[in-house]
Amino acid sequence: MSATVTFEVTSPLGPQTVTLSYARAGRGEPLLLLHGIGHHRQAWDPVVDILATEREVIAVDLPGFGASPSLPHGLTHDLPTMNAALGALCEELELDRPHVAGNSLGGLLALELGREGLVRSVTALSPAGFWTGAERRYAFAVLIGMRRIAERLPLPMVERLARSAAGRAALTSTIYARPGRRSPEAVVAETLALAGATGFTETLRAGTAVRFTDDVPGIPVTVAWGSRDRLLVPRQGVRAKQIIPRARLVRLPGCGHVPMNDDPALVARVILDGSR
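Criteria and cut-off values
- Residues numbered from 1 in each chain as written.
- Predicted model: local features only at pLDDT ≥ 70, side-chain atom pairs only at ≥ 80, totals over all residues.
- Heavy atoms only, no water.
- Helix = DSSP H or I, 4+ residues; strand = E, 2+ residues; numbered from the N terminus.
- Rg over C-alpha atoms; globule rule 2.2 N^0.38 Å.
- Buried < 20%, exposed > 50% of the residue type's maximum accessible area, 1.4 Å probe, protein only.
- Contact = heavy atoms within 4.5 Å.
- Lys, Arg positive; Asp, Glu negative; His and termini not counted.
- Charge placed at Lys NZ, Arg CZ, Asp CG, Glu CD.
- Phe/Tyr/Trp six-rings, centres within 6.5 Å; stacked < 30°, edge-to-face > 60°.
- Axes fitted to C-alpha atoms, helices over the stretch in contact; angles between N-to-C directions.
- Parallel < 35°, antiparallel > 145°, perpendicular 65-115°, else oblique.
- Left-handed = near helix turned anticlockwise from the far one by under 90°.

Enquirer: If you had to explain the overall build of the chain to someone new, which residues and values would you point to?
Expert: Along its length, the chain carries ten helices and eight strands. Its C-alpha atoms give the chain a radius of gyration of 17 Å, near enough to 19 Å, the size a compact globule of 276 residues would have. Projected onto the principal axes, the alpha-carbon positions of the chain cover approximately 45 × 40 × 40 Å. Across the 276 residues that make up the chain, the buried fraction comes to 55%. Taking the contacts inside the chain whose residues are at least 6 apart along the sequence as the reference set, 71% of them involve residues at least 24 apart. A distance of 9 Å separates the average location of the 30 positive side-chain charges in the chain from that of its 26 negative side-chain charges.

Rendered as structure tokens:
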């Protein structure tokens, strides 16, 4: 069931009000799910029911994505602000150091929360921040191209393309290794979410200088990478293991950049094992 929560975050201009949309399901230890740039919390739908058998799952629309409005004036979409917002969200929802799993941008945010000691465990699926300069520029160029296509395609054309496996591949093969498995309704919804993401440009701009260079001590960390990730290539996982030496590095065979839909059972198992 979806809901919204409103709370205050400090800023140079004083306290600012932030509103986030989220969905909550299941029972057990809390597990916060964070999606990637341009996506929305429904990216996690293929695994939520599995996770909810053992965890209380809270899937969040990040600021400026999905049903969550952008951050108010005075707050930037950078890592310190996102840390503060997600920490305040957990406090407002009475989540005492939840487990956290994130994909892409969400994986980077999950690792930042872990580094700050705000969570019990981290599972990062193809996290951002372990790129070289060239790899980052390539990924950003691809994301900008996807965004422009989503903005320019009329809704009837998106709906028509989504009806066929070939059309779904044309729209989503950059992020899914098996785009034909994504439902037509989900492809339409996420194309609209990408086109309407008010936080996209600010978030991308804030990521230009981002590199994750610190260890995440004291908590279990899992870094998992799809073997067919075409956006953030799998060798970045090796760098992540070098930076976070105690992390468990897991290969996701046959999965793309957003692996939850490519192999829901495998991804759910990796998250559950990493959050024990």
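From this point on, the discussion continues.
Enquirer: How would you explain the packing of aromatic side chains if you had to name every residue and give the values?
Expert: Scanning the model with the defined rule gives two aromatic pairs in all. With a centroid separation of 5.6 Å and 50° between ring planes, the pair formed by phenylalanine 130 and phenylalanine 212 is classed as tilted. Of this pair, phenylalanine 130 sits in the loop between strand 6 (122–125) and helix 4 (133–152) while phenylalanine 212 sits in the loop between helix 8 (200–206) and strand 7 (221–226); the two residues are 82 residues apart in sequence, bridging distant segments of the chain. Given the relative accessible area of 3%, phenylalanine 212 is considered buried. Summarising the aromatic geometry, the rings of tryptophan 131 and phenylalanine 140 are spaced 5.6 Å apart at their centres and angled 90° between planes, so their arrangement reads as edge-to-face.

Enquirer: For unusual backbone geometry, give the residues involved together with the corresponding values.
Expert: For glutamate 94, which is not glycine, the phi torsion reads 60° and is therefore positive. Note that glutamate 94 resides in the loop between helix 2 (79–92) and strand 5 (99–103). What makes glutamate 94 exposed here is its relative accessible area of 72%. Positive phi outside glycine occurs at serine 126, with the angle close to 45°. Structurally, serine 126 can be placed in the loop between strand 6 and helix 4.

Enquirer: I'd like a rundown of the packing of helix 6 (residues 165–172) against helix 7 (residues 184–195), residues and numbers included.
Expert: Any two packed helices are characterised by the angle at which their axes cross and by the distance between the axes. Viewed as axis vectors pointing N to C, helix 6 and helix 7 meet at an angle of 25°, and their least axial separation amounts to 11 Å. If you check the angle between helix 6 and helix 7, you find them roughly parallel. When the axes of helix 6 and helix 7 are compared, the crossing they make is left-handed. Together, Arg168, Leu171 and Thr172 of helix 6 and Pro184, Val187, Glu190 and Thr191 of helix 7 make up the contact between the two elements.

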